[in-house]
Every structure is written in C-alpha cells, then in structure tokens.
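# Observations on the model geometry
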Amino acid sequence: GMSASFFTTLSKRLCCILHCGSYVNHMFEYAALKGPNCGSVDTLARMAQRNRPDILYISTISVLEGNETEDCQGVREYIEERAGGYASSKFVAEQRLRRLSEYFGMVTIVRPGLIGYDTRSGSANRSDWFVRFLIGSMQMGGVVCEDQKGIEVVGNIHVTPVDHACTFIMEVLEKRSGLNLILREGGLARGLVKKDNLIQTLHLPLTMITDTSDFLR
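Everything numeric here is computed off the predicted structure, so don't read it as measured data.

The helix and strand inventory of the protein chain stands at seven helices and 11 strands. When each of the 217 residues of the protein chain is scored for burial, the buried share is 39%. Put simply, of all contacts in the protein chain between residues at least 6 apart along the chain, 73% involve residues at least 24 apart. Total accessible area computed for the protein chain in this model is approximately 12800 Å², and 52% of it derives from carbon and sulfur atoms.

Here's what the structure looks like:
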C-alpha cells in the first residue's frame, strides 16, 4: 500500500477516479474476495472526502440474474443465494458505492458482459477463463454444436471486444460530468443533466456476435 503522506497528497489532487481493479477468481467464495473488491470502495471514499471527485466503477453484468434488479433483495440474501463469490463481491461493492455516494461527485457504474479479443490485433487475455476455454477447445480439435436432433449447427458467442469496451468506457469517462448516457435497446440516448451525486448504471452494449468456429479461428 501507499504511505499516509502520499495518500493525503493524492487525495488533494483527485478530480476523477476510474476504478477497474478487482481480484478476479471465480473459484473463490465471497469471504475471500470481500477485502480487495469491497474494501477498495471504502478506501476510495476516504480518499475522495476532500475534493469529491467523480468516480466510474467497472462492475460486471454477473451481479444480475435473469430479470433481477439491484433493488430486488437485500445484500445478505443475495450472497446466501448466489454461488459465485466474485459476482457477490461486485454486488456488495456497488451497494457500498451507492451508500457512500455523498463522498463523490457523479457516480457511474458500468457493467460489462463477456469481454473478447482486440478486433485490431487479435490479442486477448490468455489468463481469462473464457480464453483458456477456447484455447483448450482448439487443442482438442474445436467445438461441434448440435441441436436436439443431433444435427450439427453453428453456435454464436456474444461478446464485447476489449477495444470496443475501452472506447465506450473512455467516452463515458470524458462526457460523464455534463452528459447523461442511458443505454436503451442496444443504443445510446443522450440527455443533458446537471445534478450532484447522480448515480448512473450503464450496461456495456453488445458489439459483436460471432459464430463459434470463427471465434476459435
């Protein structure tokens, strides 16, 4: 961690925070991920008390299941009913951010879905579970998708390429102080807002649907 003096110096200079750091491990329970993934929000709130900077928090679409919303149940019930510790830790972090919103300017929560490779270079995070799954599939000869009648069909993978995700996040980061971005039916509706402590929740738009064989190639 940083020294107390550097923490104070940094807090005096903050104007905006992009919080995209998390301990990602889908095998760990909530208790193992609570400290880094939830405690980081508390630390940033202490740092933000002086200047009340805007904050953009990168969460995950996994905090929701089906037609759930963040208001549908309490935190304790959510954690007890959900199997994934990572999604639970991100859900609790969101709730803490909402509760501590008075310490920040504008609060924006972005919930990405499945992040894919870079469309320009083909590069991908080789340690990501999904990429490792694809690599394993290629090593085993690819993936064959069949329907209920046993007829081979081409499956689709719905992803947001990482370069598209970065472009979206940076656009929100640059315009968030004076522009309200609301995602509707896969498009962006823009309306001007001027309100302190506005909390926006944006679901990262799906920008690519590719068939399985192309993705594996």
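For helix α2 (residues 30-48), which comprises 19 residues, the first-to-last C-alpha distance of 26 Å matches the rise-based estimate of 27 Å (1.5 Å per residue) to within 8%. If you check which residues of α2 are buried, you get Tyr30, Leu33, Asn37, Cys38, Ser40, Val41, Leu44, Ala45, Met47 and Ala48.

What follows concerns the sheet that holds strand β1 (residues 16-19). One open sheet accounts for four strands, arranged β1-β2-β3-β10; its pairing is parallel. Looking at strand neighbours, the two that pair on one side only are β1 and β10 (199-203), the edges of this open sheet. Each adjacent strand pair in this sheet contributes to an overall mean axis angle of 10 degrees, direction not counted. Direction of pairing for strand β3 (residues 107-111) relative to β10: parallel, over a ladder of five bridges. When the sheet's bridge partners are listed, Ile109 is paired in β10 with Thr201.

Conventions and cut-offs
Residues numbered from 1 in each chain as written. Predicted model: local features only at pLDDT ≥ 70, side-chain atom pairs only at ≥ 80, totals over all residues. Heavy atoms only, no water. Helix = DSSP H or I, 4+ residues; strand = E, 2+ residues; numbered from the N terminus. Buried < 20%, exposed > 50% of the residue type's maximum accessible area, 1.4 Å probe, protein only. Contact = heavy atoms within 4.5 Å. Areas by Shrake-Rupley, 256 points an atom, 1.4 Å probe, with all protein chains shown as cover. Expected span 1.5 Å × (residues − 1). Pairing = 2+ DSSP bridges. Axes fitted to C-alpha atoms, helices over the stretch in contact; angles between N-to-C directions.

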